[in-house]
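Geometric and topological summary
Listed below, chain by chain, are the residues.
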Amino acid sequence: MKRTLASWLVVFAFGGLALTAGQSSPQSLDARALRLHRDAIVLDTHDDTMSESHPPGWRFDARGIAPSPEHPDGTSVDLPRMREGGLDGAFFSVYIAGTITGPPAVTAARRQLDALHALAATHPADLALCLTAADVRAAHKAKKIAILIGIEGGHMINDDLTVLDDFARRGARYLTLTHMVNTDWADSSGDQPAHNGLTDFGKQVVHELNRLGVMVDVSHVSDKTFWDVLAVSQSPVIASHSSCRALCAHPRNMTDEMIKALAAKGGTIQINFYDGFLDQPLYLKQKALEPELQRMRREALEKYPGPQNEQKRAEAMRAVDMKERSAGTTSWEKIVDHIDHAVKLVGADHVGLGSDFDGAVMPTGMEDCSMLPKITAALLARGYSEKAIRDILGENVLRIMEANEKIANRLRAR
Ligand SMILES: [Zn+2]
């Protein structure tokens, strides 16, 4: 079924979505939600759509099918569904597995950066490559979708600050310091500690990111690395795709203390929609499967190394996703619970959306980005102000981009 944003009104009014808003009738609430969602700048800080190879026949400008047990090869983000879901921009991640290091990782990252530039250039009427918060606002005004770039994993700089400068020149606006394994200079939450957090060079990386106006992303890093980053970063940092550990104890999620410290520094936690980060019982079930999943992941990486095997590796990784799905799933409303938990801790100025679409298994009811207006409706139903919702949907990220730009200008003027 092809849905336009306006047709969500029908879905909300008659589709059985349980909305329980104080005084408002469901219908007026839904109309209000759609108006607000369409008017707000909605940004997602983590989409893996462009970092993996795609199913045969995939095109960014054609509407795909959401992933499901029946359609394991489905995808979550493309131009038609971004329009339907009122998703005005996304940080598309440049990513290659953390076990691929050295010059091949740099080459893979540059290739993906080029591909994102080419994507925007191929659809000039619909897409705009954005480097600053002002660019994003201008794109929104021109009814174009903002293409932003995040590098997911410090291993791709190959321990070389000049590579980092090059990535920044090519439009990268955040660097996730690690992926699931340690880099030579920062510990990951997915690995055994090797550096006690950030090394001295790791601190130089953070300083250089501040100088370049590239946001430091603390998703994936170990807790100690997180605290080291907060101690040295001069600019507000983001967790581009992490959820709340108080609700689901996965080590990729953030403790209340971490969320408070991140917010105190002006940063934001961008809630990850991955079902295994949202639901504690499901996380425990997946954890029991983890040795088997790890074996499958390792096998995929060993059997299909390097950029030349990307397609086969992606297929093998999808098989891992399917295995993971056998643990069950959870409901999209858990996303709203995590937003709500973080907002109660630190206020709506420090929370946002970092879906992990096309990089993780999504909860039922949020299988693709066309479903995002449900989050706006749910927040209104929970009594959130329109201002708070706009902040969560995108304004917080823009504020942090602006702060990073300002501080970078000051540091470079020295
Ligand atoms: Zn990730």
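In this report, the structure presented in the accompanying data block is examined. (Residues numbered from 1 in each chain as written. Predicted model: local features only at pLDDT ≥ 70, side-chain atom pairs only at ≥ 80, totals over all residues. Heavy atoms only, no water.)

Some points on the packing of aromatic side chains
For the coordinates displayed, the defined rule picks out seven aromatic pairs. Between Phe60 and Phe92 the ring centres are 6.1 Å apart and the planes differ by 80°, which places this aromatic pair in the edge-to-face class. Here the residue Phe60 occupies a position in the loop between strand S1 (43–47) and helix H3 (79–84), and Phe92 occupies one in strand S2 (residues 89–94), the gap between them amounting to 32 residues. The structure contains a cluster of three or more aromatic residues connected by ring pairs, namely Trp58, Phe60 and Phe92. (Phe/Tyr/Trp six-rings, centres within 6.5 Å; stacked < 30°, edge-to-face > 60°. Helix = DSSP H or I, 4+ residues; strand = E, 2+ residues; numbered from the N terminus.)

Structural notes on the nonpolar core
One finds Phe167, Leu177, Ile339 and Ile375 to be the most contacted residues of the largest nonpolar core, which totals 96 residues. A total of seven residues in this core trace back to one element, the largest contributor, which is helix H4 (residues 102–122). Once residues lying within four places of it in the same chain are set aside, the contact partners of Leu177 are Gly153, Gly154, Thr183, Trp185, Leu198, Val205, Val206, Leu209, Val216, Asp217, Val221 and Val229. Ile41, Ala133, Val136 and Met401 belong to the second largest nonpolar core, which has 17 residues in total. (Core = buried A, V, L, I, M, F, W, Y, C linked by side-chain atoms within 4.5 Å. Buried < 20%, exposed > 50% of the residue type's maximum accessible area, 1.4 Å probe, protein only. Contact = heavy atoms within 4.5 Å.)

Let's talk about the coordination of the zinc ion
Listed as protein donors to the zinc ion are Glu152 (OE), His220 (NE2) and His241 (NE2); their distances from the metal cover 2.0 to 2.2 Å. Sequence positions of the residues that donate to the zinc ion give the spacing E-x67-H-x20-H. Of this pair, Glu152 sits in strand S4 (residues 145–152) while His220 sits in the loop between strand S6 (215–217) and helix H8 (223–232), and the two are 68 residues apart along the sequence. Accessibility classification places Glu152 together with His220 in one group, the buried group. (Donors = N, O, S within 2.8 Å, 3.2 Å for Na, K, Ca; no water.)

Some details on the environment of Gly213
Considering the arrangement of structural elements, one finds Gly213 in the loop between helix H7 (200–212) and S6. In this structure, the C-alpha to C-alpha distance between Gly213 and Thr101, residues 112 residues apart in sequence, is 25 Å. Among residues more than four places away in sequence, those in contact with Gly213 are Arg173, Asn404 and Ala408.

With respect to H4
Here H4 spans 31 Å end to end across 21 residues, near enough to the 30 Å set by a 1.5 Å rise per residue. Listed as buried for H4 are Gly102, Ala105, Val106, Ala108, Ala109, Gln112, Leu113, Leu116, Leu119 and Ala120. All buried residues of H4 fall inside an arc of 165° around its axis, so they share one side. For H4, the exposed residues set more than 90 degrees away from the buried face come down to Pro103, Ala121 and Thr122. At its buried positions, H4 is contacted by S2, strand S3 (127–129), S4 and helix H6 (161–169). (Expected span 1.5 Å × (residues − 1). Arc of directions from axis to C-beta.)

As for the pattern of salt bridges
Within this structure, the stated rule accounts for 25 salt bridges. Ionic pairing is found between Asp126 and Arg83, a salt bridge with its closest N-O pair at 2.8 Å. Taken together, the residues span a long stretch of sequence, with Asp126 in the loop between H4 and S3 and Arg83 in helix H3 at a distance of 43 residues. A salt bridge links Asp228 to Lys224; the nearest nitrogen and oxygen atoms lie 2.9 Å apart. One end of the pair, Asp228, and the other, Lys224, are both in helix H8, four residues apart, so they sit about a helical turn from each other. Residue Asp228 is classed as buried on the basis of its relative accessible area of 13%. Via salt bridges that share partners, Arg110, Asp114, Asp166 and Arg170 belong to a single interconnected network. (Salt bridge = Lys/Arg side-chain N within 4 Å of Asp/Glu carboxyl O.)

Regarding unusual backbone geometry
Here Asp356, not a glycine, exhibits a phi torsion of approximately 70°, which is positive. Looking at the secondary structure, you find Asp356 in the loop between strand S9 (351–353) and helix H14 (373–381). You can call Asp356 buried: its relative accessible area is 7%. Despite not being glycine, Asp358 shows a phi value in the positive range, around 65°.

Quick notes on the packing of helix H9 (residues 256–264) against helix H13 (residues 333–346)
It is the contact of H9 with H13, at a shortest axis distance of 10 Å, that shows an interaxial angle of 60°. Taken together, the axis directions place H9 and H13 in an arrangement best described as oblique. Here H9 runs over H13; the crossing is right-handed. Residue-level contacts link Asp256, Ile259, Lys260 and Ala263 of H9 to His341, Leu345 and Val346 of H13. (Axes fitted to C-alpha atoms, helices over the stretch in contact; angles between N-to-C directions. Parallel < 35°, antiparallel > 145°, perpendicular 65-115°, else oblique. Left-handed = near helix turned anticlockwise from the far one by under 90°.)

Considerations on the side chain of His179
Mapped onto the elements of the fold, His179 is located in the loop between strand S5 (172–176) and H7. With near-sequence residues (within four places) excluded, His179 lies in contact with Tyr95, Glu152, Gly153, His155, Ser188 and His220.

What to know about the pairing of S4
Judged by how many residues are buried, S4 sits mostly within the fold: eight of eight residues are covered. Burial of S4 is two-sided: the residues Ile145, Ile147, Ile149 and Ile151 facing one way and the residues Ala146, Leu148, Gly150 and Glu152 facing the other way are all buried. Bridging between S2 and S4 involves six bridges; their strand directions are parallel. Bridge pairing links Phe92 to Ile149 in S4. Pairing geometry for S3 and S4, over three bridges, is parallel. Looking across to S4, one finds that Ala128 is bridged to Ala146. Traced from S3 through helix H5 (residues 133–141) to S4, the parallel crossover comes out right-handed. (Pairing = 2+ DSSP bridges. Right-handed = clockwise from strand over helix to strand, strands pointing away.)

Points about the environment of Arg81
Secondary-structure assignment places Arg81 in helix H3. A relative accessible area of 0% means that Arg81 is categorised as buried. In this structure the C-alpha to C-alpha distance between Arg81 and Leu372, which are 291 residues apart in sequence, comes to 10.0 Å. In contact with Arg81, other than residues within four places in its own chain, are Arg63, Gly64, Ile65, Ala66, Thr75, Ser76, Asp368, Cys369 and Ser370.

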